[in-house]
Amino acid sequence: MKDLIDIASLTNQQIKDIITLAGKYYKSNKTTDKTYDLLKGKEVINLFFENSTRTTLSFELASKRLGATVVNLNLEQSSVKKGECLDDTITTISAMSPDFIVVRHGTNGAARQVAQLAHSHVINAGDGNNAHPTQALLDLAVIMQHKPNINGLKIVICGDIKHSRVARSDIEILTRFGANITLIAPPNLLPDADYIKQYNLTTDSNLQNGIKDADVIMLLRIQHERIDATNIPSKEEYYNQYGLKANMLNTAKPNCIIMHPGPVNRGIEIEQSLIDSSNKTVILQQVEMGVAIRMAVLEYLHNCNIV
Ligand code: CP
């Protein structure tokens, strides 16, 4: 295994192994003893063509905690701004022999393209609306901390599912482990019928109905950067119809957890009080797990190299 491009290319055993490794790092990251020499002498290049806070910082911290040297290419000051194409950027970087390239790009398939050109391990940090595999791994790991058996869980995903790489990767990983997924979204922000059928997904246009007996509610933001259409609800309409409010939760399971990959639009996808004061909300636990999962993925790829 040279690269991590999507969840589809991982076996269930590989997913479990990465989550087990992450468990070790999740614990050590809470202590003062959180640095390792595993990647001493190795180099990681972070190449983010799209904005990011969580993924870019957690990859940088993960790499540094494992002892690697990290270089973040500032795209604004790079030759991409002079018109250099992706292939030339990657072959140039590859000629410098880094051990890992972490790439985020707005185009579906860009991470695979990078992996085909680079000699380094390539990790997809999100490509278009296609895949965000480390987000799916961290989301599964967080759910398993609360509900160790995924099989049969009711997981509701509400928001802009059509344009979400997080939703695609989460649906792939969660259905593999037997979750029943309900999608809730404005009709033009749902994925197409073939996709819904392929993953045996349920849809509902009413959030209050949809969250009945839910074990997990996962909220997504509207990805304005990927939407051409103007016929999406206004912020107020969206909040009224699809925003999760505290007083709705009485029909969900009592131990239901609320997730959001971030960044959150407060008061649009979710009521403010649910972010700040609900013991059901695990958004910061997702961020915490993000560092651990990225440490685990780096170790896993490094070990594959040795074997
Ligand atoms: N969840 C996520 O990918 O967040 P960032 O865009 O901040 O990295």
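Residues numbered from 1 in each chain as written. Predicted model: local features only at pLDDT ≥ 70, side-chain atom pairs only at ≥ 80, totals over all residues. Heavy atoms only, no water.

1. Remarks on the pattern of salt bridges
And then number 1: In this structure the tally under the stated criterion is eleven salt bridges.
And then number 2: Glu 172 is the salt-bridge partner of Arg 176, the closest N and O atoms lying 3.5 Å from each other. Of the two residues, Arg 176 and Glu 172 both sit in helix 6 (residues 165-176), four residues apart, roughly one turn of that helix. (Salt bridge = Lys/Arg side-chain N within 4 Å of Asp/Glu carboxyl O. Helix = DSSP H or I, 4+ residues; strand = E, 2+ residues; numbered from the N terminus.)

2. Some words on the nonpolar core
And then number 1: By size, the foremost hydrophobic cluster in this structure holds 88 residues, and its most contacted members are Leu 137, Leu 174, Leu 244 and Ile 293.
And then number 2: For this core, the leading source of residues is helix 11 (residues 283-306), giving eleven residues.
And then number 3: Lining this core are residues from two domains, each supplying at least three of them: domain 1 (7-132 + 287-304) and domain 2 (133-282).
And then number 4: Counting 15 residues, the second largest nonpolar core, distinct from the first, contains Leu 86, Val 103, Ala 118 and Val 122. (Core = buried A, V, L, I, M, F, W, Y, C linked by side-chain atoms within 4.5 Å. Buried < 20%, exposed > 50% of the residue type's maximum accessible area, 1.4 Å probe, protein only. Domains from an automatic or database assignment.)

3. Examining the environment of Thr 32
And then number 1: Structurally, Thr 32 is set in the loop between helix 1 (12-28) and strand 1 (43-48).
And then number 2: On the basis of relative accessibility, which here comes to 84%, the residue Thr 32 falls in the exposed class.
And then number 3: Here the alpha-carbon distance between Thr 32 and Asp 170, two residues 138 residues apart in the chain, equals 32 Å.

4. Some points on the environment of Asn 200
And then number 1: Of note, Asn 200 is situated in the loop between helix 7 (193-198) and strand 7 (202-204).
And then number 2: For Asn 200, a relative accessible area of 65% puts it in the exposed group.
And then number 3: A sequence separation of 57 residues divides Asn 200 from Ile 143, and the C-alpha atoms of the two residues are 20 Å apart.

5. Thoughts on the side chain of Gln 135
And then number 1: Examined against the element boundaries, Gln 135 turns out to sit in helix 5 (residues 133-146).
And then number 2: Assessed through its relative accessible area of 6%, Gln 135 is described here as buried.
And then number 3: Residue contacts for Gln 135: discarding those within four places in its chain leaves Val 166, Asp 170, Pro 261, Gln 286 and Arg 294. (Contact = heavy atoms within 4.5 Å.)

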